[in-house]
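# Coordinate inspection notes
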Amino acid sequence: MIVDAHLDLAYNALELGRDLTLPLEELRQRDTHKDIPVVTLPALREGGVALAFATLYAPPQKYPDPESAHRAALAQLEVYERWHQTGGVRLVRSRAELEAHLQAWATDRVTGLVVLMEGAEPVREPEEVAFWAGRGVRLIGPAWNRTRYAGGTREPGGLTELGRELLAAMGESHLALDLSHMDEQAVLEAFQIWPGPICATHSNARALLGGSEPPLANRHLSDQTIRTVAERGGILGLVLFNLFLDPTWSRGMPRVPLSVVRTHLEHNANLVGWEHLGIGSDFDGGFGMNENPQGLDRPADLAKIGELVPAEARAGVLGENWLSWLRSWL
């Protein structure tokens, strides 16, 4: 059983026009984009992905204001709802739905989706968190680049006053906080005021990525942040984009070997133990097969990550750790 804590499924369906209901090989034959698709709904099912965190993502360069971001995220949410209604996926919005889904998945292999908002700009004002929670959103990451709420990737800064109000509203709606993309200052400030469930769905160790040097300086996590997430009972999802595994890599170079994935996993395990580690592949996050490590060509290949960790940790890293975390608060 595999849990993948970060996929941009609806973004790919709407923004790139990919029909994710197709078998993966058929989509690859039809697709005209330069990046080779890695994910479709049938491929998730065939690959044993029981659950995925599926994003609402409104790219700030395309949706620069809250109103347009709101409309884009709502359209993506409607994609997930349609897939749910037609049986292509199963939306998971509560502990009861999680348990029912896992029982059903054992026979029908329909992938469950937990909805994650990546970048909070679609939340036009903090009071609107309740609306999104009512529609099934269960996690929010306040930043991508800097937002009205927090500093983010390549755009440093702490929580704004609006960001503090956002976190308070998230707590009232019993949502989880995703630290991925948040600037370190914003993360540290969030630790001071956020008492609820916490994770990093798709972030790696900054110490292995050039430390404080750009361009990865504030995209990933310091060792101390990794420790704090674990101390708070959170999970760290390893993101599998080549550049986020090897800072010397660039597009067009050979794919990084799986041994680099092992290095990242072992680094984090040495900090916090295997029980706080999982997968947040971001397999479809603006890149494709050739931008992922060697041998990770489709969702089924995520099982290879289990071969990189001690036998007693395999089930946890592949999915059980994320499930335990969800059961602790969902």
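Refer to the preceding data block for the structure.
The text that follows walks through the structure, step by step, so that each part is easy to find.

Definitions and cut-offs
- Residues numbered from 1 in each chain as written.
- Predicted model: local features only at pLDDT ≥ 70, side-chain atom pairs only at ≥ 80, totals over all residues.
- Heavy atoms only, no water.
- Helix = DSSP H or I, 4+ residues; strand = E, 2+ residues; numbered from the N terminus.
- Rg over C-alpha atoms; globule rule 2.2 N^0.38 Å.
- Buried < 20%, exposed > 50% of the residue type's maximum accessible area, 1.4 Å probe, protein only.
- Areas by Shrake-Rupley, 256 points an atom, 1.4 Å probe, with all protein chains shown as cover.
- Lys, Arg positive; Asp, Glu negative; His and termini not counted.
- Charge placed at Lys NZ, Arg CZ, Asp CG, Glu CD.
- Pairing = 2+ DSSP bridges.
- Salt bridge = Lys/Arg side-chain N within 4 Å of Asp/Glu carboxyl O.
- Expected span 1.5 Å × (residues − 1).
- Bend = angle between axes of the 7 residues up to and from the residue.
- Patch = residues over 30% accessible without salt bridge, like charges linked within 9 Å, V, L, I, M, F, W, Y side chains within 5 Å.
- Contact = heavy atoms within 4.5 Å.
- Core = buried A, V, L, I, M, F, W, Y, C linked by side-chain atoms within 4.5 Å.
- Axes fitted to C-alpha atoms, helices over the stretch in contact; angles between N-to-C directions.
- Parallel < 35°, antiparallel > 145°, perpendicular 65-115°, else oblique.
- Left-handed = near helix turned anticlockwise from the far one by under 90°.
- Nonpolar A, V, L, I, M, F, W, Y, C, P; charged D, E, K, R; others polar.

## Side note on the overall build of the protein
Check the secondary structure of the protein and you find eleven helices and eleven strands. Computed over C-alpha atoms, the radius of gyration of the protein comes to 18 Å, within 12% of the 20 Å expected from 2.2 N^0.38 for 330 residues, which places it in the range of a compact globule. The principal-axis extent of the C-alpha atoms belonging to the protein is close to 45 × 45 × 35 Å. Put simply, the protein has 330 residues, and 61% of those count as buried. For the protein, the computed accessible surface area is about 12300 Å², with 50% contributed by carbon and sulfur atoms. Of the charged side chains in the protein, 30 are positive and 43 negative, and the gap between their average positions amounts to 3 Å.

## Some words on the pairing of strand β1 (residues 2–7)
Burial runs high along β1: six of the six residues are buried. As paired elements, β1 and strand β2 (residues 49–56) share four bridges and run parallel to each other. For Asp4, the partnering residue across the bridge sits in β2 and is Ala52.

## Quick notes on the pairing of strand β7 (residues 155–159)
Inspection of the sheet shows strand β6 (residues 150–152) paired to β7 by two bridges, in the antiparallel sense. Bridge pairing in β7 places Gly152 opposite Glu155. The loop that links β6 with its antiparallel partner β7 comprises two residues; one of these, Arg154, has a positive phi angle of about 65°.

## Points about the pattern of salt bridges
Counted by the stated rule, this structure contains 19 salt bridges. A salt bridge links Glu25 to Arg28; its shortest N-O distance comes to 3.4 Å. Taken together, the residues Glu25 and Arg28, both in helix α2 (residues 24–30) and three residues apart, mark about one turn of the helix.

## As for helix α11 (residues 314–327)
Helix length check: α11 (14 residues) gives 19 Å between terminal C-alpha atoms against 20 Å at 1.5 Å per residue, within 8%. At Glu320, α11 is deflected by roughly 60°, the largest bend along its length. Among all positions of α11, only Gly316, Val317, Leu318, Gly319, Asn321, Trp322, Leu323, Trp325 and Leu326 are buried.

## Some words on a negative patch on the surface
Together, Glu125, Glu127, Glu161 and Glu165 make up a negatively charged patch on the protein surface. Mapped onto the elements of the fold, Glu125 is located in the loop between β4 (112–118) and α6 (129–134). Take Glu125: its relative accessible area is 44%, and that puts it in the partly exposed class.

## Things to note about the side chain of Asp282
Within the secondary structure layout, Asp282 lies in the loop between β11 (277–279) and α11. It turns out Asp282 is buried and unbridged, and the closest side chain with the opposite charge, Arg219, is 4.9 Å from it.

## A closer look at the side chain of Glu128
Mapped onto the elements of the fold, Glu128 is located in the loop between β4 and α6. On the accessibility criterion, Glu128 (11% relative accessible area) is buried. In this structure, Glu128 is in contact with His70, Pro122 and Val123, ignoring residues within four places of it in sequence.

## A short note on the nonpolar core
The biggest cluster of nonpolar side chains holds 86 residues, and the ones touching the most others in it are Leu9 and Tyr80. When residues of this core are assigned to their parent elements, the largest contribution, six residues, is made by helix α4 (residues 66–85). Beyond its immediate sequence surroundings of up to four residues, Tyr80 is in contact with Leu7, Asp8, Leu9, Ala10, Ala54, Thr55, Leu56, Val89, Leu91, Leu113 and Val115. Core analysis: the next-biggest nonpolar cluster, separate from the first, contains 19 residues, Ala5, Leu98, Leu116 and Ile235 among them.

## Remarks on the packing of helix α9 (residues 223–231) against helix α10 (residues 258–272)
Contact geometry for α9 and α10: axes closest at 9 Å, N-to-C directions at 60°. Taken together, the axis directions place α9 and α10 in an arrangement best described as oblique. Crossing handedness for the pair α9 and α10: right-handed. Contact with α9, carried on its side by Asp223, Ile226, Arg227 and Ala230, involves His267, Asn268, Leu271 and Val272 of α10 and no other residues of that element. Of the residues contributing to the contact of α9 with α10, the split by class is four nonpolar, two polar and two charged.

## Observations concerning unusual backbone geometry
Of note in the backbone geometry, Arg109 takes a positive phi value of approximately 60° without being a glycine. Checked against the element boundaries, Arg109 lands in the loop between α5 (95–108) and β4. For His181, which is not glycine, the phi torsion reads 80° and is therefore positive. Take His181: its relative accessible area is 6%, and that puts it in the buried class.

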